[in-house]
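For reference, the chains in residue letters:
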Amino acid sequence: MAEKPIQGERKAFLTGNEVVAYAAVAGEADIMYGYPITPQNEIMHYWTRMAPKYGKRFLQTEDELSAGFTTLGGVLSGAKAFTATAGPGNTLMQEPMSMAEMMRIPAVFVIQQRGGPSTATVIYSQQEVTMTTYGGNGEGFRVVYSTATHQDLFDYTIKAFNTAWKYRFPTFVLGDGYQAKMRESVTIYDPQARGIELIKPTPYLGKPGSIGKDREVTHMRNTYNTEEELYEVVMSMAKEYDSVAPEIVEFDAREVDDAEIVIVSHGVVSRAALSAMLELRGAGYKVGYFRPVTLRPFPGDQLRKVADNAKRLLVVESALGQFNKLVQTNIYGSAATIDTIFKPGVGVTSEEIVAKIKATL
Amino acid sequence: MSVAPRMPKCWREESKPHKFCPGCGHGLVLKALGEAIDELGIQDKVVFGADIGCSLLAWDFFNCDTVQTHHGRTTPVVTGVKRANPDLVCIAYMGDGGGYAIGSQHLFNAAARNERILAVLVNNTQYGMTGGQMAPTTLPGQKTETSPYGRDIEQAGYPTQGPEAVAAITQDGAYVARGTVANLRQLKGFLKKALENQMAGNGFSFVEALSTCPTNWRTNAAKTWEFVEKEMTKYFKVGEIKAPGQKKEA
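My aim in this report is to walk through the structure given alongside it, one point at a time. All values reported here derive from a predicted model rather than from experimental measurement. (Residues numbered from 1 in each chain as written. Chains lettered and ligands numbered in written order. Predicted model: local features only at pLDDT ≥ 70, side-chain atom pairs only at ≥ 80, totals over all residues. Heavy atoms only, no water.)

**What about the overall build of chain B?**
- The secondary structure content of chain B amounts to 9 helices and 9 strands.
- Relative to the globule expectation of 18 Å for 250 residues, the C-alpha radius of gyration of chain B, 17 Å, shows essentially globular dimensions.
- Principal-axis analysis of the C-alpha atoms gives chain B an extent of 55 × 50 × 30 Å.
- Expressed as a percentage of the 250 residues in chain B, the buried residues total 57%.
- Of the contacts formed within chain B by residues at least 6 apart in sequence, a portion of 68% connects residues at least 24 apart.
- Carbon and sulfur atoms form 52% of the exposed surface of chain B, whose accessible area is close to 10,200 Å².
- Averaged over its 27 positive side-chain charges, chain B has a centre that lies 2 Å from the centre of its 24 negative ones. (Helix = DSSP H or I, 4+ residues; strand = E, 2+ residues; numbered from the N terminus. Rg over C-alpha atoms; globule rule 2.2 N^0.38 Å. Buried < 20%, exposed > 50% of the residue type's maximum accessible area, 1.4 Å probe, protein only. Contact = heavy atoms within 4.5 Å. Areas by Shrake-Rupley, 256 points an atom, 1.4 Å probe, with all protein chains shown as cover. Lys, Arg positive; Asp, Glu negative; His and termini not counted. Charge placed at Lys NZ, Arg CZ, Asp CG, Glu CD.)

**Brief notes about the nonpolar core**
- L76(A), V262(A), V264(A), V327(A), F204(B) and F206(B) are the most contacted members of the largest nonpolar core, which has 67 residues in total.
- Residue contributions to this core peak at 5 residues, all from helix α3 (residues 64–76) of chain A.
- Here this core gathers at least three residues from each of two domains, domain 1 (9–194) and domain 2 (251–360) of chain A.
- In contact with V264(A), other than residues within four places in its own chain, are F290(A), L303(A), L313(A), L314(A), V315(A), V316(A), F323(A) and V327(A).
- C10(B), L56(B), V89(B) and A177(B) belong to the second-largest nonpolar core, a separate cluster that totals 38 residues. (Core = buried A, V, L, I, M, F, W, Y, C linked by side-chain atoms within 4.5 Å. Domains from an automatic or database assignment.)

**What to know about the sheet that holds strand β10 (residues 251–254) of chain A**
Residue and element names in this part refer to chain A.
- Across the sheet, which stays open at both edges, the 5 strands sit in the order β10-β12-β11-β14-β15 with mixed pairing between neighbours. One side of each edge strand has no neighbouring strand; the edge strands of this open sheet are β10 and β15 (337–342). Taking the axes of each pair of neighbouring strands and ignoring which way they run, one obtains an average angle of 20° across the sheet.
- Pairing analysis gives 3 bridges linking strand β11 (residues 261–264) to strand β14 (residues 312–317), with the strands arranged parallel. Within β14, the position partnered with V264 by the bridge is V315.
- Seen against the sheet, helix α9 (residues 269–282) touches β10, β11, β12 (287–292) and β14 and runs at an angle of roughly 165° to β12. (Pairing = 2+ DSSP bridges. Axes fitted to C-alpha atoms, helices over the stretch in contact; angles between N-to-C directions.)

**As for the pattern of salt bridges**
Residue and element names in this part refer to chain A.
- Applying the stated rule across the entire model yields 30 salt bridges over all chains.
- Here E42 makes a salt bridge to K181, at a shortest N to O gap of 2.8 Å. Of the two residues, E42 sits in helix α2 (residues 41–50) while K181 sits in helix α7 (residues 177–181), which places them 139 residues apart along the sequence.
- Of the charged contacts in the structure, one is a salt bridge between R271 and E184, with a shortest N-O distance of 2.8 Å. (Salt bridge = Lys/Arg side-chain N within 4 Å of Asp/Glu carboxyl O.)

**Thoughts on the sheet that holds strand β1 (residues 46–50) of chain B**
- Pairing within the open sheet is mixed, and its 8 strands lie in the order β9(A)-β2(B)-β1(B)-β3(B)-β4(B)-β8(B)-β7(B)-β9(B). With partners counted over all chains shown, the strands left at the sheet margins are β9 (219–220) of chain A together with β9 (239–242) of chain B, one partner each.
- Sheet topology note: the strand β7 (residues 175–180) of chain B/β9(B) ladder contains 3 bridges and is antiparallel. Across the sheet, the residue bridging to V176(B) is K242(B), located in β9(B).
- Sheet strands in contact with helix α1 (residues 26–40) of chain B are β1, β3 (89–95), β4 (118–123) and β8 (205–210) of chain B, and its direction is about 170° off that of β3(B).

**Some remarks on the packing of aromatic side chains**
- Scanning all chains against the criterion turns up 18 aromatic pairs over all chains.
- Members of the aromatic cluster, each reached through a chain of ring pairs, are W11(B), F20(B), F48(B), F61(B), F62(B) and Y93(B).
- The aromatic ring of F169(A) is capped on one face by R104(A), whose charged end is 4.0 Å from the ring centroid.
- Above the ring of Y189(A), the side-chain terminus of R194(A) is found at 3.8 Å from the ring centroid. (Phe/Tyr/Trp six-rings, centres within 6.5 Å; stacked < 30°, edge-to-face > 60°. Lys NZ or Arg CZ within 6 Å of the ring centre and 35° of its normal.)

**A short note on unusual backbone geometry**
- In this chain, T38(A) is followed by P39(A) through a cis amide linkage whose omega measures 10°.
- Looking at the element boundaries, P39(A) is found in the loop between β2 (31–34) and α2.
- Cis geometry marks the peptide bond from K16(B) to P17(B), where omega comes out at 0°.
- Mapped onto the secondary structure, P17(B) falls in the segment before α1.
- Positive phi outside glycine occurs at E255(A), with the angle close to 55°.
- Position of E255(A) relative to the elements: it lies in the loop between β10 and β11.
- The phi dihedral of N114(B) is positive, around 60°, even though this residue is not glycine.

**Comments concerning the environment of E184(A)**
All names here are of chain A.
- Locating E184 in the fold gives a position in strand β8 (residues 183–189).
- When the C-alpha atoms of E184 and T218 are compared, they prove to be 46 Å apart, with 34 residues separating the residues in sequence.
- With residues near it in sequence (within four places) discarded, E184 still touches A12, F13, L14, T149, H150 and R271.
- In terms of polar contacts, E184 uses its side chain to reach the backbone amide nitrogen of H150, at 2.9 Å.
- Within polar-contact distance, the side chain of E184 engages the side chain of R271 at 2.8 Å. (Polar contact = N/O pair within 3.5 Å; in protein donor to acceptor, adjacent residues only side chain to side chain.)

**Section: the interface of chain A and chain B**
- Tallying the contact residues gives 38 residues for chain A and 33 residues for chain B.
- Both sides of the chain A and chain B interface together cover about 2,800 Å² of buried area, and 57% of this is carbon and sulfur.
- On the surface where chain A and chain B come into contact, there are 3 salt bridges.
- Across the pair E95(A) and R73(B) runs a salt bridge, and its minimum N-O distance is 3.2 Å.
- Counting across the interface, chain A meets chain B through 21 residue pairs in polar contact (both at pLDDT 80 or more).
- In terms of residue count, α3(A) provides more of the side of chain A that touches chain B than any other element does, 7 residues in total.
- Of the residues belonging to the side of chain A that touches chain B, the class tally is 15 nonpolar, 15 polar and 8 charged.
- By the bridge criterion, 2 bridges tie β9(A) to strand β2 (residues 65–68) of chain B in an arrangement that is parallel. Bridging across to β2(B), M220(A) finds its partner in V67(B). (Buried area = accessible area lost by both parts, 1.4 Å probe. Nonpolar A, V, L, I, M, F, W, Y, C, P; charged D, E, K, R; others polar.)

This is a description of form; function is not addressed.
Here's what the structure looks like:
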């Protein structure tokens, strides 16, 4: 059996789904559970080709409910387990995700957003932001990385396993159909060769040893009898989430110090935003760029500072304001005004952003 | 002074008396299951998944590792555990609503894939925890909160024959039986064989247990036993339905 899929590091020209599969293998995931839905299918295709070579497993389930719940089962037995989905599959998977939140199960979910509502398109959108950050019947105790490039997909898929197992909150890699299907160059690497320590999983259930002699029995519950009992559980989880959030938060801010307007975007749209900012800066406009990498927890304090300073934001997204809701909630009280480019289910080009800013500045 | 009946060794004393209603069959099914676990000496290797519904009250019933899940989702959780660690003995414990209605796709697909798990389904002909609504197993004419004039087979069909359906779609290696709380020794035998079948790696194991719900049936002790022994067995035949190596009936 081959030991490692990637020795050292190398340049590759891959689709995003392929990158995720490579990253999951390199990040020492043990098992994937999945159900077909476009545009994430090739994650399963590449995983199932590589998995047997590295002693890893795969189960194709009957639906996304099952893919999510079997993933939780895998984690409970001490495996680094993950699944991938999109669109209506993401909707179904909110149910297992809420169980992962309640029981602090470090499952990893890769979401390749497609158009919505409903079946919509199989192609692209940023319309699964609200669902991925705050879906399910819960309070959003989860970590969501929004990727912009294939390098992000590789880096953050590896990181997602570490974040999940370190903090014991379910962790999401939020991509989209463009990233999933597009081919671009990426450096893939053995994380350990780069000094990235991969956190080892430990079982919740079925630990070795004899109950009552050399280990305690484990009883995991998600049902509580009274309002007060639940309140204690939720509040202690909130406290813990808030206390680790500053360590988890990631963002990219450029040219914001003297900016008169800052483009705020996430995911693949931030690539257009970055090009637009560079082009406008070249033409003498004082434009900045802010991209939250984590949508949960959200870099709220950092963005508020930027907003207070620039007084104007342009929020750009391939949805009808889902990301903007996060922005507004997090900078509430700031005097900054917000312009928007909302294109639900449609890509955004740098030209549109440049034109919008030139027209308004 | 009378001596209390012996509890199975794998029962958790601290959670007894258990949380089920007086006269409920769950305690009997879990007694039979506990004795089977004891006899096989597998307490340390068992992962017990408790479905939502009355089954959830079993979440701290055993001194075995246990996880509560969601309504209908115990089969996939336990499947996920078993797939990642085949050395464990995995039991999905559910009611008729969890297994035959909201979780039917999981039960039947796990069966079709011949997952090496044991699903135990407690059939008491209605939804207990939510207050006595009609279930897939409600008998024709039986009154429930959502069939107050009796189950109308024109509208709601006949009771689901779960073990027969599972037997029909499983390959050789599966073990399928229907027991009853009215015959605990037989039920324990079925559960033990089913666990052995999983441990041998033969295939999917499924045991339905006919059970009682005097609370929602609104029956006294005599009527409760009459219902489980006489009425339920008109539709649900007790016995072993499929075992590895047995030829399928033509």
